[in-house]
Amino acid sequence: VGDALARYHEDGLRLMRAVRFACVLNFDYDEKTRQAIVACNYLLRNIAMERIQAELNKILLSPYVAKGLDDLYTLGCFAYFMPEICHTVGFEQHNPYHCYDVFGHLRESVAAIEPDLVLRLTMLLHDIGKPEALTVDEKGITHFYGHAAISADMAKTILRRLKMDNDTISRVCRLVQYHDYANHLE
């Protein structure tokens with residue numbers, strides 16, 4: 001397609017499309033393309049949120065969604081439409097229940113759930129409030145009391161920013177709010 005920088009300057013949404021194609025087709029970027037995406041990621045701030053949302057939805061429903069989420073972070077794209085998720089990268093969970101940082105947990109949770117948009121959005125956002133809810137006990141074990149409510153509030157803000165429809169926002173926020181409740185069927 002010629003000069004990647006020129007193509008991205010023609011339409012900044014092509015950055016998101018590159019990520020989408022990579023996680024749908026499971027391919028790696030040419031190094032010049034990768035560098036151009038990083039150099040042009042700021043163009044996303046000029047793209048309508050509805051257009052970003054449409055590409056994000058396709059990434060979330062892709063077969064290699066974990067790759068797509070990693071790429072959105074490493075290429076600097078998340079910062080322009082979901083900066084809250086950047087705080088989860090490297091945010092360690094020092095407790096016996098988690099082996100990933102918060103971002104890794106979110107990424108793996110999204111990849112593990114069936115490709116339904118509401119469920120994948122829920123898994124992407126269910127623990128996004130953990131950095132705000134952090135407490136550490138005397139043994140150095142971290143706890144995140146109240147993180148579900150914080151995550152639900154953050155999810156509502158994020159989904160509204162992305163111009164999601166009200167039904168999707170309501171369903172995702174409800175699932176995020178109650179994701180820690182035990183399911184007792186007797």
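Cut-offs used in this document
- Residues numbered from 1 in each chain as written.
- Predicted model: local features only at pLDDT ≥ 70, side-chain atom pairs only at ≥ 80, totals over all residues.
- Heavy atoms only, no water.
- Axes fitted to C-alpha atoms, helices over the stretch in contact; angles between N-to-C directions.
- Helix = DSSP H or I, 4+ residues; strand = E, 2+ residues; numbered from the N terminus.
- Parallel < 35°, antiparallel > 145°, perpendicular 65-115°, else oblique.
- Contact = heavy atoms within 4.5 Å.
- Nonpolar A, V, L, I, M, F, W, Y, C, P; charged D, E, K, R; others polar.
- Buried < 20%, exposed > 50% of the residue type's maximum accessible area, 1.4 Å probe, protein only.
- Arc of directions from axis to C-beta.
- Core = buried A, V, L, I, M, F, W, Y, C linked by side-chain atoms within 4.5 Å.

Engineer: Can you tell me about the packing of helix H2 (residues 14-25) against helix H4 (residues 49-60), naming the residues and giving the values?
Structural biologist: Remark: H2 packs on H4, axes separated minimally by 9 Å, with the N-to-C direction vectors making an angle of 10 degrees. With respect to each other, H2 and H4 are oriented roughly parallel. Residues Met16, Arg17, Val19, Arg20 and Cys23 of H2 form the contact with H4, whose participating residues are Arg51, Ile52, Glu55, Leu56, Lys58 and Ile59. Grouping the amino acids of the contact of H2 with H4 by side-chain chemistry returns six nonpolar, no polar and five charged.

Engineer: Could you give an account of helix H3 (residues 31-40), naming the residues involved and the relevant values?
Structural biologist: For H3, the full list of buried residues reads Ala36, Ile37 and Cys40. Seen along its axis, H3 keeps its buried residues to an arc of 100 degrees; they face one direction. Residues of H3 that are buried make contact with helix H1 (4-10) and H2.

Engineer: Report on the nonpolar core, specifying residues and quantitative values.
Structural biologist: Generally speaking, a soluble globular protein has its nonpolar side chains buried in company with each other. Phe81, Met82 and Leu125 are the most contacted members of the largest nonpolar core, which has 53 residues in total. The leading source of residues in this core is H2, at six residues. Ignoring sequence-local partners within four residues, the contact set of Phe81 consists of Met16, Met49, Ile52, Leu56, Leu72, Arg161 and Leu162.

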